[in-house]
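Read off the chains here:
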2 protein chains.
Amino acid sequence: MASTGASDQSLRERASRVIPGGMYGHMRAAGLPAGYPQFFTRGEGCTIWDADGRKYLDFMCSWGPIILGHHHAAVDEAARRQLEKGDCLNGPTDKLVELAERLVGLMPHADWAMFSKNGTDATTTCVTLARGATGKRKILLASGAYHGAVPWCSPYPFGVTAEDRAHAIYFKYNDVASLEAAAAQAGNDLAGILVSAFRHDYGLDQELPDPAFAARARALATEKDAALILDDVRAGFRLSLHGSWNDLGVQPDLSAWSKAIANGYALAAVTGNDRFRKAALQLYATGSFWCGAASMAAALATIDVLQAEDGPARMRAVGQRFRDGVAAQAAKYGVGVRQSGPPQMPTILFEGDTDHATGSRFAFEALKRGVYLHPKHNMFLSSAHREADIDFALSVTDEAFAVIAGLR
Amino acid sequence: MASTGASDQSLRERASRVIPGGMYGHMRAAGLPAGYPQFFTRGEGCTIWDADGRKYLDFMCSWGPIILGHHHAAVDEAARRQLEKGDCLNGPTDKLVELAERLVGLMPHADWAMFSKNGTDATTTCVTLARGATGKRKILLASGAYHGAVPWCSPYPFGVTAEDRAHAIYFKYNDVASLEAAAAQAGNDLAGILVSAFRHDYGLDQELPDPAFAARARALATEKDAALILDDVRAGFRLSLHGSWNDLGVQPDLSAWSKAIANGYALAAVTGNDRFRKAALQLYATGSFWCGAASMAAALATIDVLQAEDGPARMRAVGQRFRDGVAAQAAKYGVGVRQSGPPQMPTILFEGDTDHATGSRFAFEALKRGVYLHPKHNMFLSSAHREADIDFALSVTDEAFAVIAGLR
């Protein structure tokens, strides 16, 4: 397969000397098909440019944060104006209060909010808060679910001790019996049930939450005086502006937010109800940049735009247009494809493609033609994606399907 | 004592409804004397404004991050230019490589660098890396030292389980015998020794590292095939641009950085040597905003300025001018004062003031006159502090000392 451009290669070579493996974490291109660039220079709307100036219609949205498109004028202007006043000061600005009021107003479950920088900050705060509030220790979480990259939850347990997970009990997402078994195992020591907005495990078909599962999680947490913690870091604001389980009629006690809430500016949040307010006051959670006002101004502007344009509905509509087009092409070429998850956060996997070789080739063929897909991870639509963008993407996937069909 | 202004009071009232306790973490004004504002609006150089437009000459520098003064033109311009290109993309930009090269060039101990957002991210990465690399578990750390606000290290163990600290062994900073005893207790299971650049525990006199202690920590880590981890989050770039223990002739294996490295833009880093490179590649450490390019551009510009103006020497000089002036005033008024730590990160405590009542009154009298000091925590100078600023601060502390002396 093709290699990346000369600038990307040169940067990789330099990076290999001063960064372990040349790059770390989820943005390491080594997990992508050969030919995918490691380095980028620019984004505008739903278009990105790699280090060699190659241009792509983007379906990853920076792995989630970009929800209105890059350089949304209202968001950037709000952040710029706040930066000109003050961002990192000896305490918060009025933006902290405004944003907390805004989230409390949006989320039916929420009576209060706290802010941090990483999704992992938010999930860690929720888990610690659940333990502190209840005086109990066990946390139930779905096996294979991603809740962050620190020892209590990292998907790769390098450097993790047994004690880091001594109080974790695993269940199967959407499986009420396994959830109940996990709760029974926790006995009188259940502090919280931590659950993703939907099942979005790497490399697997996504699963929306079964309403019966969500309801049972809620009931168990209530019965056992534990916290129901919704990890809305990845899905937050794309499915709903009122929490991803609101449409199911299930309200968590605590929710973790990050990624899309400030359209790419670094921000995370925890929202909670009054049952956990006193504990939240007792918890010591802090960070040097957690009061950064520019990211909060960006979040307020992001919410304004998402509300004004009904962002979730728009993203769902363009996502559905893409999904329908891909399904028609798969049928036309006789290629078995599984599309899963909400249309605004789609995963596309190929039948019988356990090693993701077909998916990787498909994604690479799309990349070559200017569309950036991910062969294994869920993708993300933004409200900057328009019908014309989807139609261009489909013209490209049609050619990619033709290549795949020709290989068989 | 006086209350804060009307805007501050109004924001506090609103915050009390939507934020637990009205504010959380180290920026909670409840830990400061009455009269200290909770909310701020603006910063310029070494001057800050609270929500009521009251202006202060600032000695906290946002608890460390502001090292060149607020709105340093070169830093803000570098960040702005990068934001206009791209900040949060599908992968890093060239700024990641440039900054890693820069840190490796500056730090004699470093062969590589990785980036994140919080100081706690960096210390957690170091500890996890030490465990992964060595296959061992015990971490030695000084009792009372601050290394972050998550369960393995939080100073307030609310929500913390015994297992979160099962492999922590505590020693006394600067006490070789206690360090050796801790190492002996770890036996063959020693993964790392985590040590702050100097002792800067809240509410206590600061202590510079005893060279014999630093040397012994280094030797023990080497002997026991463990990592010497320097927590340079708070002190980094203020004492030296080559690591805070470089002048002692002691090089760590891993260093944690954050706070001042990008003059207020949210960024953290880990630097390490080749002994830990392979492990760093195996570690899964990541976050949604960890490749944010604007903060990296800001860090590069910050380093440029610090090098060009010899920032550490400048901050030391103005800090010493302040310290000398305070000492002279304390003598003049016959008030017993203890000044500790490096002059650019001063702590001022009063003799016999175990409840910090005198220090709080002193700080409040300075605050009323337009100088923002901290009565218990170490303070921070920036390179924006000029001799004239120090002289103004001393004119204020002279009056504050007169009040204190009059009370006795």
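Keep in mind that this is a model prediction, so the values were computed, not measured.

## Regarding the relation of the copies chain A and chain B
The second copy of the chain is related to the first by a rotation about an axis and a shift along the axis.
Here is step 1: When chain A is fitted to chain B, the residual RMSD is 0.0 Å, and the transformation amounts to a turn of 180° plus an axial shift of 0.0 Å. Here the transformation between the copies is reduced to the relation of a two-fold axis. Measuring from the rotation axis to each C-alpha of chain A, the shortest distance belongs to Glu163(A), at 2.6 Å.
Here is step 2: When you check the interface residues of chain A against chain B, 100% turn up at the interface there too, and the contact is symmetric in its surfaces.

## Remarks on the domain arrangement of chain A
Residues and elements named next belong to chain A.
Here is step 1: As assigned here, chain A comprises domain 1 (6–70 + 310–407) and domain 2 (73–308).
Here is step 2: Look at where the C-alpha atoms of domain 1 and domain 2 centre, and you get two points 27 Å apart.
Here is step 3: Every element with two or more residues in the side of domain 1 that touches domain 2 is listed here: helix H9 (311–333), strand E11 (337–340) and strand E12 (347–350).
Here is step 4: Considering each element in turn, the side of domain 1 that touches domain 2 owes the most residues, three residues, to H9.

## Brief notes about helix H10 (residues 357–368) of chain B
Residue and element names in this part refer to chain B.
Here is step 1: When the terminal C-alpha atoms of H10 are compared, their 16 Å separation across 12 residues agrees well with the 16 Å that a helix rising 1.5 Å per residue should span.
Here is step 2: Most of H10 is tucked away, with nine of its 12 residues classed as buried.
Here is step 3: Listing the buried residues of H10 in full gives Thr358, Gly359, Ser360, Phe362, Ala363, Phe364, Glu365, Ala366 and Leu367.
Here is step 4: Structurally, H10 contributes buried residues whose contacts are with strand E12 (347–350), strand E13 (371–372) and helix H11 (387–407).

## Regarding the sheet that holds strand E8 (residues 227–231) of chain B
Residues and elements named next belong to chain B.
Here is step 1: The seven strands lie next to each other as E4-E10-E9-E8-E7-E5-E6, forming an open sheet whose pairing is mixed. For this open sheet the edge positions go to strand E4 (112–116) and strand E6 (168–171), each flanked by a neighbour on one side alone. With strand direction ignored, the average angle separating the axes of adjacent strands in the sheet is 20°.
Here is step 2: Bridge count between E4 and strand E10 (residues 268–272): five bridges; the pairing is antiparallel. Its bridge partner lying in E10, Phe115 is registered against Ala269.
Here is step 3: Lying over the sheet, helix H3 (residues 94–106) contacts E4 and E10, oriented at roughly 125° with respect to E4.

## What to know about the pairing of strand E11 (residues 337–340) of chain B
All names here are of chain B.
Here is step 1: Where E11 meets E12, four bridges bridge the pair, whose relative direction is antiparallel. Within E12, the residue paired with Val337 across the bridge is Phe350.
Here is step 2: The turn linking E11 back onto E12 is made up of six residues, and Gly341 within it adopts a positive phi angle of 85°.

## Quick notes on the interface of chain A and chain B
Here is step 1: If you look at the interface, chain A gives 88 residues, while chain B gives 88 residues.
Here is step 2: Contributions of two or more residues to the side of chain A that touches chain B are made by helix H1 (6–18), strand E1 (40–44), helix H3 (94–106), strand E4 (112–116), helix H4 (119–134) and helix H7 (277–282) of chain A.
Here is step 3: Of all the elements, H4(A) adds the most residues to the side of chain A that touches chain B, at eight residues.
Here is step 4: Counted by class, the side of chain A that touches chain B contains 44 nonpolar, 30 polar and 14 charged residues.

## Remarks on the sheet that holds strand E1 (residues 40–44) of chain B
Residues and elements named next belong to chain B.
Here is step 1: Strand order in the open sheet formed by four strands is E1-E2-E3-E13, and the pairing between neighbours is mixed. Lying at the two open borders of the sheet, with one neighbouring strand each, are E1 and E13.
Here is step 2: For strand E2 (residues 47–50) and strand E3 (residues 55–58), the ladder comprises three bridges, and the chain directions are antiparallel. Its bridge partner lying in E3, Trp49 is registered against Lys55.

## Section: the packing of H3(B) against helix H8 (residues 293–308) of chain B
All names here are of chain B.
Here is step 1: With their axes 9 Å apart at the nearest point, H3 and H8 run at an angle of 35° to one another. When you trace H3 past H8, the crossing you get is left-handed. Judged by residue contacts, Lys95, Leu96, Glu98, Leu99 and Arg102 of H3 engage Ala293, Met296, Ala297, Ala299, Leu300 and Ile303 from H8.
Here is step 2: Tallied by class, the residues present in the contact of H3 with H8 amount to eight nonpolar, no polar and three charged.

## Describing helix H9 (residues 311–333) of chain B
Side chains that are three or four residues apart share a direction in an α-helix, a result of its 3.6 residues per turn.
Residue and element names in this part refer to chain B.
Here is step 1: Under the 1.5 Å per step criterion, the end-to-end length of H9 is 33 Å for 23 residues, consistent within 8% with the ideal 33 Å.
Here is step 2: Along H9, the residues that are buried comprise Gly311, Pro312, Met315, Val318, Gly319, Arg321, Phe322, Val326, Gln329 and Ala330.
Here is step 3: In the segment just after H9, Gly334 is the residue with positive phi, at about 65°.

Cut-offs used in this document
Residues numbered from 1 in each chain as written. Chains lettered and ligands numbered in written order. Predicted model: local features only at pLDDT ≥ 70, side-chain atom pairs only at ≥ 80, totals over all residues. Least-squares fit on C-alpha atoms with pLDDT ≥ 70 in both. Contact = placed C-beta atoms within 7 Å. Domains from an automatic or database assignment. Helix = DSSP H or I, 4+ residues; strand = E, 2+ residues; numbered from the N terminus. Expected span 1.5 Å × (residues − 1). Buried ≥ 20, exposed ≤ 12 C-beta atoms within 10 Å, placed from the backbone. Pairing = 2+ DSSP bridges. Axes fitted to C-alpha atoms, helices over the stretch in contact; angles between N-to-C directions. Nonpolar A, V, L, I, M, F, W, Y, C, P; charged D, E, K, R; others polar. Left-handed = near helix turned anticlockwise from the far one by under 90°.

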